Amino acid sequence: QVQLVESGGGLVQAGGSLRLSCAASGRSISVTPMGWFRQAPGKEREFVAAISWSDGTTSYAESVKGRLTISRDNAKNTVYLQMNSLKPEDTAVYYCAAGRPATTVTITTRGYAYWGQGTQVTVSS
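What you are looking at is a predicted structure, and each value in this text was computed from that prediction instead of being measured.

1. Some thoughts on the pattern of salt bridges
At step 1: Summed over the entire model, instances satisfying the criterion amount to four salt bridges.
At step 2: Note that Glu46 is salt-bridged to Arg38, the shortest N-O span being 2.6 Å.
At step 3: Between Asp90 and Arg67 there is a salt bridge, with the nearest N and O atoms lying 2.7 Å from each other. On the criterion of sequence distance, the pair formed by Asp90 in the loop between strand E8 (78–83) and strand E9 (92–98) and Arg67 in the loop between strand E6 (58–60) and strand E7 (68–73) is long-range, its members being 23 residues apart.

2. Thoughts on the environment of Glu89
At step 1: Its location among the elements puts Glu89 in the loop between E8 and E9.
At step 2: As for Glu89 and Val79, which are separated by 10 residues in sequence, their C-alpha atoms are 23 Å apart.

3. Things to note about the side chain of Arg67
At step 1: Residue Arg67 is classed as buried on the basis of its relative accessible area of 10%.
At step 2: At 3.0 Å, the side chain of Arg67 and the backbone oxygen of Ser85 are in polar contact.
At step 3: Discounting residues that sit within four places of it in the chain, Arg67 has contacts with Gln82, Met83, Asn84, Ser85, Leu86, Lys87 and Asp90.

4. What about the environment of Thr58?
At step 1: Mapped onto the fold, Thr58 is located in strand E6.
At step 2: By relative accessible area, Thr58 is classed as partly exposed at 32%.
At step 3: Spatially, the C-alpha atom of Thr58 lies 8.3 Å from that of Ser71, the residues being 13 residues apart in sequence.
At step 4: Apart from residues no more than four positions distant in its own chain, Thr58 is found in contact with Ala50, Ile51 and Ile70.

5. A look at unusual backbone geometry
At step 1: Located in the positive-phi region is Asn77, a residue other than glycine, with phi close to 55 degrees.
At step 2: Mapped onto the elements, Asn77 comes out in the loop between E7 and E8.
At step 3: What makes Asn77 buried here is its relative accessible area of 13%.
At step 4: Residue Ser85 is not a glycine yet carries a positive backbone phi of 50 degrees.
At step 5: If you trace the backbone, Ser85 turns up in the loop between E8 and E9.
At step 6: Judged by relative accessible area, Ser85 falls into the partly exposed class, the value being 41%.

What counts as what
Residues numbered from 1 in each chain as written. Predicted model: local features only at pLDDT ≥ 70, side-chain atom pairs only at ≥ 80, totals over all residues. Heavy atoms only, no water. Salt bridge = Lys/Arg side-chain N within 4 Å of Asp/Glu carboxyl O. Helix = DSSP H or I, 4+ residues; strand = E, 2+ residues; numbered from the N terminus. Buried < 20%, exposed > 50% of the residue type's maximum accessible area, 1.4 Å probe, protein only. Polar contact = N/O pair within 3.5 Å; in protein donor to acceptor, adjacent residues only side chain to side chain. Contact = heavy atoms within 4.5 Å.

Here it is, written out as structure tokens:
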């Protein structure tokens with residue numbers, strides 16, 4: 001079992017930055033693919049970014065490429081999402097997710113076994 005706790009959300013003006021953190025506990029995530037998803041009111045949960053466990057390969061949704069960066073610190077058992085040049089359409093609850101150990105990173109929600117409780121990000125215009 002893996003427990004995930006997100007932090008770092010908040011209210012920011014358009015063009016601003018935030019850094020989300022996802023602290024994992026229960027076991028090491030060093031061989032676990034990790035992802036970030038988001039869900040806006042009235043919309044389905046959507047993929048934002050993911051990072052593999054094997055070589056750190058990253059994947060991003062087209063809407064966030066060049067603005068958001070996912071990274072991981074296995075020594076701290078933590079995954080980050082650096083969010084720059086934020087837009088009002090980035091407003092959502094952001095969720096951290098962990099896949100099963102030693103599996104291929106995926107951009108679908110079905111590929112993740114563990115989820116955090118989410119952190120709200122609100123971008124004002």
